[in-house]
Amino acid sequence: MLQHCPCVLACASQNCVTQSVSRSGLRRSAISSANSRASFAAAWIGGARRQARTRPLTTIGLLISFAAVLFLLGQSLLHIAMGNAPDATVYALVGGMAAFASTAAGALPVLVMRGMPQKLEDTMLGFAAGMMLAAAAFSLILPGLDAATDLTGTKLAAAGVVVLGMGLGVLLMLGLEQFIPHEHEVIGPMGPGYERLGRVWLFVFAIVLHNLPEGMAIGVGFSNSDMAVGIPLTTAIAIQDFPEGLAVALAMRTAGFSVWTAVFAGIGSGFVEPIGALLGVGLSSGLAIAYPIGLGLAAGAMLFVVSHEVIPETHRNGHQTPATIGLMGGFALMMVLDTVLG
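(A) Focus on the overall build of the protein chain. A tally of regular secondary structure across the protein chain gives eleven helices and two strands. Seen in sequence order, the protein chain has helices and strands lined up from the N terminus as α-α-α-α-α-β-β-α-α-α-α-α-α. Counting all 342 residues of the protein chain, 45% fall into the buried class. Across the protein chain, every contact between residues at least 6 apart in sequence was considered, and the portion connecting residues at least 24 apart equals 82%. Just so you have it, the protein chain exposes about 16300 Å², and 71% of that area is on carbon and sulfur atoms.

As structure tokens, then:
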């Protein structure tokens, strides 16, 4: 009897219609998402081609550095797969996770902070820049010169090997900046296809470009299982990652994002560092010459980020003096850490 009741039939019909509408909505959402991805891919390809035509030297440099990275990474991963460098991989991953944890801890105060005086923020970023500069000099370039001297037998050839690595690091970062869509707080969005992405994704890509060299530096530092290089380098990067995580979260809040979005972005900004550490140890764990080249590459990438991103950011608000004092303090602390722990 119930199956012939008009009410039951009406409800069943309504449920069918509701389910049909729901399935139709899901299909439309999936189609829209697929179309959005296809639209971004097409926009990125078109923009990348225009960038390649207008900046041929940058494109060639990116291709050369990318090819060198792929070659070093390929032979190093083969070396690791054969079981010759398991300890270095574990050390690099632990170091990358330590840097990630420090960045995440730095983002958490935004939950209770409404803001920070701009002068203090610029001073903290200057401190982070000083530690990165000192880490590049004491924990990357100098060990790279020592390793290259042992391999080549001459200081001139050793300097050439490290400079080659530094050049590859600069070319890699310069090319990535030109071809990856991202957003700077002051300059605004840039890169091919940026108009097809939301602001959150543009900030995420900018953060990835900033933190990738730090993770690579940790991996390269541990690639020879040398604690005298890896520990002070990881310690320095972890210390300066705390104000960086805070600065990222505060920048997201200033840009108008919600508290939780800012916190998760700050936490997520450090996630690329364990990935970069694995990439760095893979780059430098194979051929003997790959170690000093990898150290130089990480140093070049870090110097590029400091000069291109961090220092201009600390000076744009007229706080050059406190930012410079912070930079000197960070440099001095890293020098002490490298001397004591190295």
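(B) Representation of the side chain of S223. Along the chain, the position of S223 falls in the loop between α6 (199-222) and α7 (227-254). A distance of 2.7 Å separates a polar side-chain atom of S223 from the backbone oxygen of V220.

(C) Layout of the side chain of S102. In this fold, S102 is placed in helix α3 (residues 86-107). The exposure class assigned to S102 is buried, which follows from its relative accessible area of 13%. Polar side-chain contacts of S102 include one of 2.3 Å to the backbone oxygen of A238. Other than its neighbours up to four places away in sequence, S102 contacts A238, I239, D241 and F242.

(D) The packing of aromatic side chains, seen in detail. Enumeration over the complete set of coordinates arrives at four aromatic pairs. Seen in terms of ring centroids, Y91 and F222 are 6.1 Å apart; in terms of plane orientation they differ by 50°. Their pairing is tilted. Of this pair, Y91 sits in helix α3 while F222 is found in helix α6, placing the two residues 131 residues apart along the sequence. For the pair F100 and F271, a centre-to-centre distance of 6.0 Å together with 80° between the ring planes defines the contact as edge-to-face. Of this pair, F100 sits in helix α3 while F271 is found in the loop between α8 (259-268) and α9 (272-284), placing the two residues 171 residues apart along the sequence.

(E) Seen up close, the nonpolar core. Judged by nonpolar contacts, the single largest core of 52 residues is most densely connected at L140 and A217. Here the element with the most residues in this core is helix α10 (residues 290-315); it accounts for twelve residues. Dropping the residues within four chain positions of it, L140 is found in contact with A135, A217, L233, L295, A298, A299 and M302. If you look at the next biggest cluster of nonpolar residues, it comprises seven residues, including A107, V110, M116 and V263.

(F) Fine view of helix α11 (residues 320-341). Helix length check: α11, at 22 residues, gives a terminal C-alpha distance of 31 Å against a target of 32 Å (1.5 Å per residue), a fit within 8%. Against the buried residues of α11 lie α4 (118-152), α7 and α10.

(G) Structural view of the confidence of the model for the protein chain. Here the protein chain averages 77 in pLDDT, and 73% of its residues register 70 or above. Below a pLDDT of 50 lies the segment residues 7-12, which in the model reaches three contacts outside its immediate sequence neighbourhood of four places, other chains included.

(H) Inspection of a nonpolar patch on the surface at higher detail. Taken together, the side chains of L108, L111, V112, W260 and F264 define a hydrophobic patch exposed on the protein surface, amounting to about 570 Å² of accessible area. Along the chain, L111 turns up in the loop between α3 and α4.

(I) Quick look at the packing of α10 against α11. At a closest axis distance of 8 Å, the pairing of α10 and α11 adopts a crossing angle of 135°. Between α10 and α11, the angle falls in the class oblique. Taking contact as the criterion, the partners of I311, T314 and H315 in α10 are, on α11, Q320, A323, T324 and L327. Here the contact of α10 with α11 is composed, by residue class, of three nonpolar, four polar and no charged.

(J) Structural view of the environment of G230. Take G230: it is sitting in helix α7. The sequence separation of G230 and G219 amounts to eleven residues, and the corresponding C-alpha distance is 8.1 Å. Those residues within four positions of G230 in sequence are excluded, and the remaining contacts are G221 and F222.

Definitions and limits used
Residues numbered from 1 in each chain as written. Predicted model: local features only at pLDDT ≥ 70, side-chain atom pairs only at ≥ 80, totals over all residues. Heavy atoms only, no water. Helix = DSSP H or I, 4+ residues; strand = E, 2+ residues; numbered from the N terminus. Buried < 20%, exposed > 50% of the residue type's maximum accessible area, 1.4 Å probe, protein only. Contact = heavy atoms within 4.5 Å. Areas by Shrake-Rupley, 256 points an atom, 1.4 Å probe, with all protein chains shown as cover. Polar contact = N/O pair within 3.5 Å; in protein donor to acceptor, adjacent residues only side chain to side chain. Phe/Tyr/Trp six-rings, centres within 6.5 Å; stacked < 30°, edge-to-face > 60°. Core = buried A, V, L, I, M, F, W, Y, C linked by side-chain atoms within 4.5 Å. Expected span 1.5 Å × (residues − 1). pLDDT = per-residue confidence, 0-100. Patch = residues over 30% accessible without salt bridge, like charges linked within 9 Å, V, L, I, M, F, W, Y side chains within 5 Å. Salt bridge = Lys/Arg side-chain N within 4 Å of Asp/Glu carboxyl O. Axes fitted to C-alpha atoms, helices over the stretch in contact; angles between N-to-C directions. Parallel < 35°, antiparallel > 145°, perpendicular 65-115°, else oblique. Nonpolar A, V, L, I, M, F, W, Y, C, P; charged D, E, K, R; others polar.

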